[in-house]
Amino acid sequence: TAGQNVRLRVEVRDASLRNAMGRASSDLTMLTTDSTKLSNSDLVFANRLPSQGAITGRWNTIGLVPRGDLVLAQRDTFSLYWESYGLKPDADGRLKYEIRLIVTLEEIDRGTNGVRRFLGGISDVVGLSTEGDEQLGLRFERNEPLGGRDRVPELVTLGLGSAPAGRYHLELIVTDRNSKQVTRTQRQFHIRGP
């Protein structure tokens, strides 16, 4: 039921390995079907495969392979997919909205080298590290017809270049220019070291 808190549990078994199994659980709130409220689906981190089909549409029709581990290699390129619900068309039936993506480095992974960890700790104390700084900010606007859709899919491909290994926070902000509503979605991911 929409708006209800539920616990989701997933179990995975690997048939190729004897007794190999993984379990995970998470609490979540079911999305409301209130079409007057702007909301986003969850952010899907994915690899994009060359696709002969449509360049827009649901994630499974545009050649996306979800990355469930949310761990990227340095200089990796990845795609983000989400759907926005409740965008309001203007009198001409057009959607006008802004998308902002903000990636922030939360914690640098300095590995197990004692000297690097010590020097990194000193640079944190004196304010020389980049932890907490916005590493990437991306903003763009859309102006398109709503058509017969009840959701608007979005796909963005990013590369963080030589960003350091560590834990990152990604925030997606969608602002509907017609209704003045704003919605935010957040995810954490990691970049592993060499």
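Structure report, in brief. On a predicted model such as this, the values are computed, not experimentally measured, just so you know.

The next point concerns the nonpolar core. Within the largest apolar cluster, 29 residues are counted, with the highest numbers of intra-cluster contacts made by Leu-80, Trp-82, Leu-170 and Phe-189. When residues of this core are traced back to their parent elements, those giving at least two are β7 (77-85), β8 (94-108), β10 (151-159), β11 (166-176) and β12 (182-192). Counting residues per element, this core draws most heavily on β8, which supplies seven residues. Not counting residues within four places of it along the chain, the set of residues in contact with Leu-80 comprises Val-44, Phe-45, Leu-101, Glu-154, Leu-155, Val-156, Leu-158 and Leu-170.

A separate point is the environment of Val-65. Its location among the elements puts Val-65 in strand β5 (residues 64-66). Under the relative-accessibility criterion, Val-65 is labelled partly exposed at 37%. Residues Val-65 and Phe-45, spaced 20 residues apart in sequence, show a C-alpha to C-alpha distance of 8.5 Å. Ignoring any residue separated from it by four or fewer positions in sequence, one finds Val-65 in contact with Phe-45, Ala-46, Asn-47 and Leu-49.

Quick look at the packing of aromatic side chains now. Within the structure shown, the criterion is met by four aromatic pairs. Between the aromatic rings of Phe-78 and Phe-189, the centroid separation amounts to 5.9 Å while the plane-to-plane angle is 50 degrees, which identifies the pairing as tilted. Here Phe-189 lies in strand β12 and Phe-78 lies in strand β7, a separation of 111 residues in the sequence. Residue classification places Phe-189 among the buried residues on the basis of a relative accessible area of 0%. The interplanar angle of 15 degrees and the centroid separation of 5.4 Å between the aromatic rings of Tyr-168 and Phe-189 together place this pair among those described as stacked. Of the two residues, Tyr-168 is situated in strand β11 and Phe-189 in strand β12; the sequence distance between them amounts to 21 residues. Feature note: the residues Phe-45, Phe-78, Tyr-168 and Phe-189 constitute an aromatic cluster, connected by ring pairs.

Cut-off values and rules
- Residues numbered from 1 in each chain as written.
- Predicted model: local features only at pLDDT ≥ 70, side-chain atom pairs only at ≥ 80, totals over all residues.
- Heavy atoms only, no water.
- Core = buried A, V, L, I, M, F, W, Y, C linked by side-chain atoms within 4.5 Å.
- Buried < 20%, exposed > 50% of the residue type's maximum accessible area, 1.4 Å probe, protein only.
- Helix = DSSP H or I, 4+ residues; strand = E, 2+ residues; numbered from the N terminus.
- Contact = heavy atoms within 4.5 Å.
- Phe/Tyr/Trp six-rings, centres within 6.5 Å; stacked < 30°, edge-to-face > 60°.

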